[in-house]
Amino acid sequence: MAQIRQPTPQLTAEAFLTESLRQKERGRDVGYILSAALRAVDPYEAVLRHMHRRGERLTIGEVVTNLESIERVFVVGFGKAGEPMARAVVEVLGDRLAGGCVIIKEGTRSKSASPLEGTIEFIEAGHPIPNERGVHGATRIQALLEGTQPNDLMICLISGGGSALSVAPAPGIHLEELQTLTRLLLASGADIYAINTLRKHLELLKGGGLARMAFPAKVASLILSDVVGDPLEAIASGPTAPDPTTFQQAYGILERYGLIAHTPRAILQHLQEGMRGTILETPKPGDPLFDRVHNVIIANNSVAVHAARSAARQKGFKSAVLTTFLQGEARQVGRVLAATLRQIVASGEPLSRPACLIAGGETTVTLQGKGLGGRNQEMALSAALDLAGLRDVALITLATDGGDGPTDTAGAVVTGETLSRAQALGMEAQVYLEDNNAYSFFARLGDLIHTGATQTNVNDLVFLFAF
């Protein structure tokens, strides 16, 4: 079959040829390094690295399956990388596929998807707030899972965003109630582990639910990780992984963030019934149904970070990985990263110029204002306050999926001149930070990074440059 990949969108040089970076050569080098990180986690290529077919021998990860023993092969999936992942599966299996359904983020469907028509159904759904199309997609996936047999193979494609895109509410819970809870959690500063613990106990496909529905079929999951540390139970809420969390823990999260009084009554009742044991818990580690499940991480934040480090070294930078476990409140993390850059300038430690330190992970934002922004933009704005006056430095933040929070941008660029440039326009950075309005701040400066939807998602990247 002819190759049908859709190339990962590349970062435009324009994002880095801003006044704040001054030199075109410097901007091109930065663009090259950031683009290298995205290319390394291209979902299509990642699937092909971990899935091969030779005749009737299908290899996924380290497991070899004889297709002669398989009656039907289906594909199901959800996540921002769903379409390119599905393209790769179709290339490997061709007409051996019996059908499939993949839920992707609305507005990200490529125009050259015709080779997949009739083989895999694509449904575009809402993110980060789930919508009716996500419910419809989950219903379609559940229909494919019904009636599976021991000699069927279910290939599951999981990537970041899958939790919001696929919505199968538990009996007695409605979409509107899940939407309310999602908004409350996002505004509270709750991390992805807390959010997904609740989702796993309020929906049917999450927390091992897909594996339970697919049983007794064989399940092979190809997973693009967007969670720090790659815990299988947390990525897209672990649809094919054992769930170590409980109803008690889910209820405790609402208590911890002070959300009990604001949570819809049906959700509270469902969790309370689960704590009493009147609702079946999610499948736990050791459950024999997982003997027929094979989960494979095909790409993650670490892959992107190390690709960026190699690219930086090619461009003559002294480069190192700071961490791939970056977490915490975005504005606080921004200050720590700015302090790291100041240390480089003051002492040449941990690297001397020209230096490129790279970090990966995912921060959170506790909403207090009414502005527009995302965790990467807020992190950058906070850092700008502490970078004021430093010469020849830049801090660049990037959401690898191309969308930072509810905005159309991936992140932002800040330098030692950002604050003075803002002040010249009559803008006070601290005011914008307190209003969670980083997007408006960087939009006026022209320092937002726009990539468009990259069709991949492995958390966030931060680059600290001392030129």
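Fair warning: this is a prediction, and the values are worked out from it, not measured in the lab.

The rules behind each value
Residues numbered from 1 in each chain as written. Predicted model: local features only at pLDDT ≥ 70, side-chain atom pairs only at ≥ 80, totals over all residues. Heavy atoms only, no water. Phe/Tyr/Trp six-rings, centres within 6.5 Å; stacked < 30°, edge-to-face > 60°. Helix = DSSP H or I, 4+ residues; strand = E, 2+ residues; numbered from the N terminus. Buried < 20%, exposed > 50% of the residue type's maximum accessible area, 1.4 Å probe, protein only. Core = buried A, V, L, I, M, F, W, Y, C linked by side-chain atoms within 4.5 Å. Pairing = 2+ DSSP bridges. Axes fitted to C-alpha atoms, helices over the stretch in contact; angles between N-to-C directions. Contact = heavy atoms within 4.5 Å. pLDDT = per-residue confidence, 0-100. Polar contact = N/O pair within 3.5 Å; in protein donor to acceptor, adjacent residues only side chain to side chain.

### Quick word on the packing of aromatic side chains
Aromatic ring pairs are defined here through the distance separating the ring centres and the angle between the ring planes.
In step 1: Tallying each qualifying case throughout the model produces 6 aromatic pairs.
In step 2: On the numbers, 6.1 Å between centres and 65° between planes, the contact of Phe317 with Phe467 is edge-to-face. Pair noted here: Phe317 is in the loop between helix H11 (301–314) and strand E10 (318–326) and Phe467 is in the segment after strand E15 (460–466), with a separation of 150 residues, a long-range link. This pair shows no difference in class: Phe317 is buried, exactly as Phe467 is.
In step 3: An angle of 85° between the planes, with centres 5.1 Å apart, marks the rings of Phe441 and Phe442 as edge-to-face.
In step 4: Take Phe441: its relative accessible area is 0%, and that puts it in the buried class.
In step 5: Here a set of aromatic residues connected by ring pairs shows up, and it is made of Phe317, Phe463, Phe465 and Phe467.

### Section: the nonpolar core
In step 1: Met51, Val89, Leu93, Ile155, Leu222, Phe463 and Phe465 are the most contacted members of the largest nonpolar core, which has 58 residues in total.
In step 2: No other element matches helix H3 (residues 82–93), which puts 7 residues into this core.
In step 3: Ranked by size, the runner-up nonpolar core spans 38 residues in total, among them Ala330, Ala338, Ala380 and Leu448.

### Details of the sheet that holds strand E3 (residues 63–66)
In step 1: Reading across the sheet, the 3 strands line up as E1-E2-E3 and stay open at both edges, with antiparallel pairing between neighbours. The strands lining the two open edges of the sheet, one partner per strand, are strand E1 (51–54) and E3. Across the sheet, the mean angle from the axis of one strand to that of its neighbour is 20°, orientation sign disregarded.
In step 2: Relative to E1, helix H2 (residues 43–50) is tilted by about 50°, and along the sheet it contacts E1 and strand E2 (57–60).
In step 3: Packing against the sheet, H3 makes contact with E1 and E2, and its axis sits at approximately 15° to E1.

### Notes on the confidence of the model for the protein chain
In step 1: Here the protein chain shows a mean pLDDT of 92. Residues at 70 or above account for 93%.
In step 2: Between residues 1–20, whose pLDDT stays under 50, and residues either more than four places distant or in other chains, the model counts 59 contacts.

### Some points on the sheet that holds strand E9 (residues 293–299)
In step 1: A sheet is described by the order of its strands in space; here 6 strands give the open sequence E6-E5-E4-E7-E8-E9, paired in parallel fashion. In this open sheet, the two strands that pair with only one neighbour each are strand E6 (121–125) and E9. With strand direction ignored, the average angle separating the axes of adjacent strands in the sheet is 15°.
In step 2: Here strand E4 (residues 72–78) pairs with strand E7 (residues 152–158) via 7 bridges, running parallel. By the bridge assignment, Phe78 is partnered in E7 with Ile158.
In step 3: Running at roughly 130° to E9, H2 makes contact with strand E8 (218–224) and E9 of the sheet.

### Focus on the side chain of Thr108
In step 1: Take Thr108: it is sitting in the loop between strand E5 (97–105) and E6.
In step 2: A polar contact of 2.5 Å, which involves the side chain of Thr108, links it to the backbone oxygen of Lys105.

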